[in-house]
Amino acid sequence: ILRERITPGLVVLSTAAVGGILLVVYDPPSIGAEAIGIALTIAGIACCAVYSVITRRFIPDATETSQVVLSQQAFGLAFALLLSLTVGLLGGAILPTHVSPLGAASAVLSGVLYYAGAYWLYLGALRRVPASIAAASFYLIPIVGVTAGAIVLGERLSAIQWVGAAVVLLAVLGILLRPPPAIPAGLSRPASG
């Protein structure tokens, strides 16, 4: 779709990163119960990769990153409203019945941080680097999650999880330090700005 050259080195490093993620989210005592969580983690990263390719395809046509962020937010809001309407028509509750002010504030703050802030920065980077490089940042999501769990919730990581985190970090570092891929004839580097 993007005509980016995917090298064997990138494939090996990406495979290593996914293997590291599996080690990070792997918990032998409860693997049966957590298999769905592991599958969802990997599926989420795959969705992020698809998002990167689709967005990278269209973002150079926008004059500013804000155009892309705002249009994605508008489509996201429209989709949420459509889902709410569908749930309401099917007899379900549209709004939660027990939300504390703190819960509502944390939902708004997480939306601002994750969807507005993080994606604004990510889309800005995606304008400047190939999707294969930008998408490598998504391998870090489980690492950030388990680190936050350890710091905020006092969760302890097993030795295998530490090994997995190291594998992911080294793989991402390897991806970032690779020379830029060759640009096929007729295409130009991503626009900056």
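Caption draft 1: Local environment of the overall build of the protein. Scanning the protein from N- to C-terminus turns up seven helices and zero strands. The helix and strand sequence of the protein, counted from the amino end, reads α-α-α-α-α-α-α. Residues counted as buried form 26% of the 193 residues belonging to the protein. For the protein, long-range pairs separated by at least 24 residues make up 79% of all intrachain contacts whose partners lie at least 6 apart in sequence. A total accessible area of about 12200 Å² is found for the protein, and carbon and sulfur atoms account for 74% of it.

Caption draft 2: Molecular detail of helix 3 (residues 65-89). Its 25 residues place the ends of helix 3 36 Å apart at the C-alpha level, agreeing with the 36 Å of an ideal helix rising 1.5 Å per residue. For helix 3, every residue scored as buried is listed here: Thr-65, Ser-66, Val-68 and Val-69. A positive phi of about 90 degrees marks Gly-91, the residue just after helix 3.

Caption draft 3: Structural view of the packing of helix 1 (residues 8-25) against helix 6 (residues 141-153). Axis separation between helix 1 and helix 6 bottoms out at 10 Å; the angle between their running directions is 25 degrees. Taken as axis vectors, helix 1 and helix 6 run roughly parallel relative to one another. The two elements helix 1 and helix 6 meet at a crossing, and its hand is left-handed. Contact residues: helix 1 offers Ile-21, Val-24 and Val-25, while helix 6 offers Pro-142, Ile-143 and Val-146. Residues belonging to the contact of helix 1 with helix 6 are distributed by class as follows: six nonpolar, no polar and no charged.

Caption draft 4: Up close: helix 6. Between the first and last C-alpha of helix 6 there are 17 Å, a value that for 13 residues agrees with the 18 Å anticipated at 1.5 Å per step. Just beyond helix 6, the residue with positive phi is Gly-154, at close to 75 degrees.

Caption draft 5: Structural context of the packing of aromatic side chains. Taken as a whole and judged by the stated rule, the model has one aromatic pair. On the numbers, 4.9 Å between centres and 55 degrees between planes, the contact of Tyr-122 with Phe-138 is tilted. Taken together, the positions of Tyr-122 in helix 4 (residues 101-126) and Phe-138 in the loop between helix 5 (131-134) and helix 6 put the pair 16 residues apart, joining distant regions of the chain. Judged by its relative accessible area of 6%, Phe-138 falls in the buried class.

Caption draft 6: Geometry of the nonpolar core. Core analysis: the biggest nonpolar cluster contains 18 residues, and Ile-21, Val-24, Tyr-139, Ile-143, Val-168 and Ile-175 have the highest contact counts within it. Once residues lying within four places of it in the same chain are set aside, the contact partners of Ile-21 are Thr-41, Ile-42, Ile-45, Tyr-139, Pro-142 and Val-168. Counting residues in hydrophobic clusters, the runner-up holds 13 residues, among them Val-68, Val-69, Leu-126 and Ala-134.

Caption draft 7: The packing of helix 1 against helix 7 (residues 159-177), seen in detail. In the contact formed by helix 1 and helix 7, the axes pass within 7 Å of each other and the chain directions differ by 155 degrees. Our classification of the angle between helix 1 and helix 7 gives roughly antiparallel. As for the relative orientation of helix 1 and helix 7, their crossing is left-handed in sense. Residues Leu-10, Leu-13, Ser-14, Ala-16, Ala-17, Gly-20, Ile-21, Leu-23 and Val-24 of helix 1 touch helix 7, and the partners they reach there are Ile-160, Gln-161, Val-163, Gly-164, Ala-165, Val-167, Val-168, Ala-171, Gly-174 and Ile-175. Counted by class, the contact of helix 1 with helix 7 contains 14 nonpolar, five polar and no charged residues.

About the cut-offs
- Within any chain, residue numbers begin from 1 and follow the written order of that chain's sequence.
- Side-chain atom pairs in this predicted model are given and counted only at pLDDT of 80 or more, local residue features only at pLDDT of at least 70, and totals for whole chains, interfaces and linings cover all residues.
- To get the side-chain values, all heavy atoms of the structure are used, and hydrogens and water are removed first.
- Secondary structure is summarised from DSSP: a helix means a run of H or I of at least four residues, a strand means a run of E of at least two, and numbering begins at the N terminus for each.
- When a residue's accessible area, from a 1.4 Å probe over protein chains only, is under 20% of the maximum for its type it is buried; when over 50% it is exposed; and in between it is partly exposed.
- Residues count as neighbours in contact if any of their non-hydrogen atoms are within 4.5 Å of one another.
- Computed with the Shrake-Rupley method and a 1.4 Å probe, the accessible areas treat only the protein chains shown as cover for residues.
- Helix span, as expected, comes to 1.5 Å for every residue beyond the first.
- Axis definition: a line fitted to C-alpha atoms, limited for helices to the stretch in contact. Angles are taken between N-to-C directions and run from 0 to 180 degrees.
- Note on angle classes: values under 35 degrees are labelled roughly parallel, values over 145 roughly antiparallel, values of 65 to 115 roughly perpendicular, and the remainder oblique.
- What makes a crossing left-handed is the near helix being turned counterclockwise from the far one by less than a right angle; a clockwise turn instead makes it right-handed.
- Gly falls in the polar group here, along with every residue not listed as nonpolar (Ala, Val, Leu, Ile, Met, Phe, Trp, Tyr, Cys, Pro) or charged (Asp, Glu, Lys, Arg).
- Geometry of aromatic contacts follows a simple scheme: Phe, Tyr and Trp rings, the Trp one being its six-membered ring, pair when their centres are within 6.5 Å, and the pair is stacked under 30 degrees between planes, edge-to-face over 60, tilted otherwise.
- Among buried residues, those of type Ala, Val, Leu, Ile, Met, Phe, Trp, Tyr and Cys that are joined through side-chain atoms within 4.5 Å constitute a nonpolar core.

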